[in-house]
Amino acid sequence: MDIGIFLLTLGLAGAVPGGWLALNVRGSAASLARWGNRNAEMRMQARGELGPPQRQLSAGLYRFLGTAMALAGSVLALAGLAALT
């Protein structure tokens with residue numbers, strides 16, 4: 001398999017979900033933050049702790065990580081296109 005096709009596929013596989021998170025499409029970053037908080041609450045209840053859970057990753061941090069993932073995926077996709085030409 002040509003390395004250009006591999007890099008292009010890998011880049012698009014990282015850029016699309018990263019862009020989805022970075023742009024908070026349909027509240028994806030906010031729902032990930034809620035999901036993490038709910039899991040923290042369930043873990044604390046399983047241990048028998050009744051206090052408030054520690055703060056997990058915020059939606060802003062998820063958006064920042066999505067931006068980094070989208071940029072890295074874009075670089076890989078562009079490298080794949082450059083290798084194909």
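Please read these numbers as outputs of a predicted model, since none were measured by experiment.

Asks: Can you walk me through the overall build of the protein in this structure?
Replies: Counting its regular elements, the protein contains 3 helices and 0 strands. Written out in order from the N terminus, the α and β elements of the protein read α-α-α. Expected size for 85 residues packed as a compact globule is a radius of gyration near 12 Å; at 18 Å, the protein overshoots this value by more than 25%. If you line up the protein on its principal axes, its C-alpha atoms span 60 × 25 × 15 Å. Counting over 85 residues, the protein shows a buried share of 25%. Only carbon and sulfur atoms are counted for the fraction: they give 68% of the accessible area of the protein, which is about 5,900 Å².

Asks: Sorry if this is basic, but what is going on with unusual backbone geometry here?
Replies: Negative phi values dominate among residues other than glycine, just as trans dominates among peptide bonds. At Asn24, a residue that is not glycine, the phi angle is positive and equals roughly 55°. Tracing the backbone shows Asn24 in the loop between α1 (3–22) and α2 (28–47).

Asks: What is the right way to read the pattern of salt bridges from this model?
Replies: Side chains that differ in charge, positive against negative, can pair when their charged atoms come close. Across all of its chains, the model carries 2 salt bridges by this definition. We note a salt bridge from Glu49 to Arg47, for which the minimum N-O separation is 3.2 Å. Arg47 gets classed as exposed once you look at its relative accessible area, which sits at 54%.

Asks: How should I be thinking about the confidence of the model for the protein in this particular structure?
Replies: Parts of the prediction with low pLDDT should not have their coordinates interpreted in detail. For the protein, the average pLDDT comes to 91, and 99% of its residues sit at 70 or higher. Put simply, α2 is where the protein has its lowest mean pLDDT, 91, and helix α3 (residues 59–84) is where it has its highest, 94.

Asks: Where do I start with a nonpolar patch on the surface in this structure?
Replies: A cluster of nonpolar side chains, contributed by Ile3, Phe6, Leu10 and Leu76, occupies part of the molecular surface with about 340 Å² of accessible area. Considering each element in turn, the nonpolar patch owes the most residues, 3 residues, to α1. Tracing the chain through its elements places Leu10 in helix α1.

Asks: Looking at this structure, how should I read the environment of Thr67?
Replies: With respect to the element layout, Thr67 can be found in helix α3. Since its relative accessible area comes to 35%, Thr67 is described here as partly exposed. For the pair Thr67 and Ala15, spaced 52 residues apart in sequence, the C-alpha separation works out to 8.8 Å. Looking at Thr67, its side chain comes within polar contact range of the main-chain oxygen of Arg63, at 2.9 Å.

Asks: Help me understand the environment of Ile5 in this model?
Replies: For Ile5, the position within the fold is in helix α1. Residue class for Ile5 comes out partly exposed when judged on its relative accessible area of 41%. Along the primary structure Ile5 and Gln45 are separated by 40 residues, whereas in three dimensions their C-alpha atoms are 48 Å apart.

What counts and how
- Residues numbered from 1 in each chain as written.
- Predicted model: local features only at pLDDT ≥ 70, side-chain atom pairs only at ≥ 80, totals over all residues.
- Heavy atoms only, no water.
- Helix = DSSP H or I, 4+ residues; strand = E, 2+ residues; numbered from the N terminus.
- Rg over C-alpha atoms; globule rule 2.2 N^0.38 Å.
- Buried < 20%, exposed > 50% of the residue type's maximum accessible area, 1.4 Å probe, protein only.
- Areas by Shrake-Rupley, 256 points an atom, 1.4 Å probe, with all protein chains shown as cover.
- Salt bridge = Lys/Arg side-chain N within 4 Å of Asp/Glu carboxyl O.
- pLDDT = per-residue confidence, 0-100.
- Patch = residues over 30% accessible without salt bridge, like charges linked within 9 Å, V, L, I, M, F, W, Y side chains within 5 Å.
- Polar contact = N/O pair within 3.5 Å; in protein donor to acceptor, adjacent residues only side chain to side chain.

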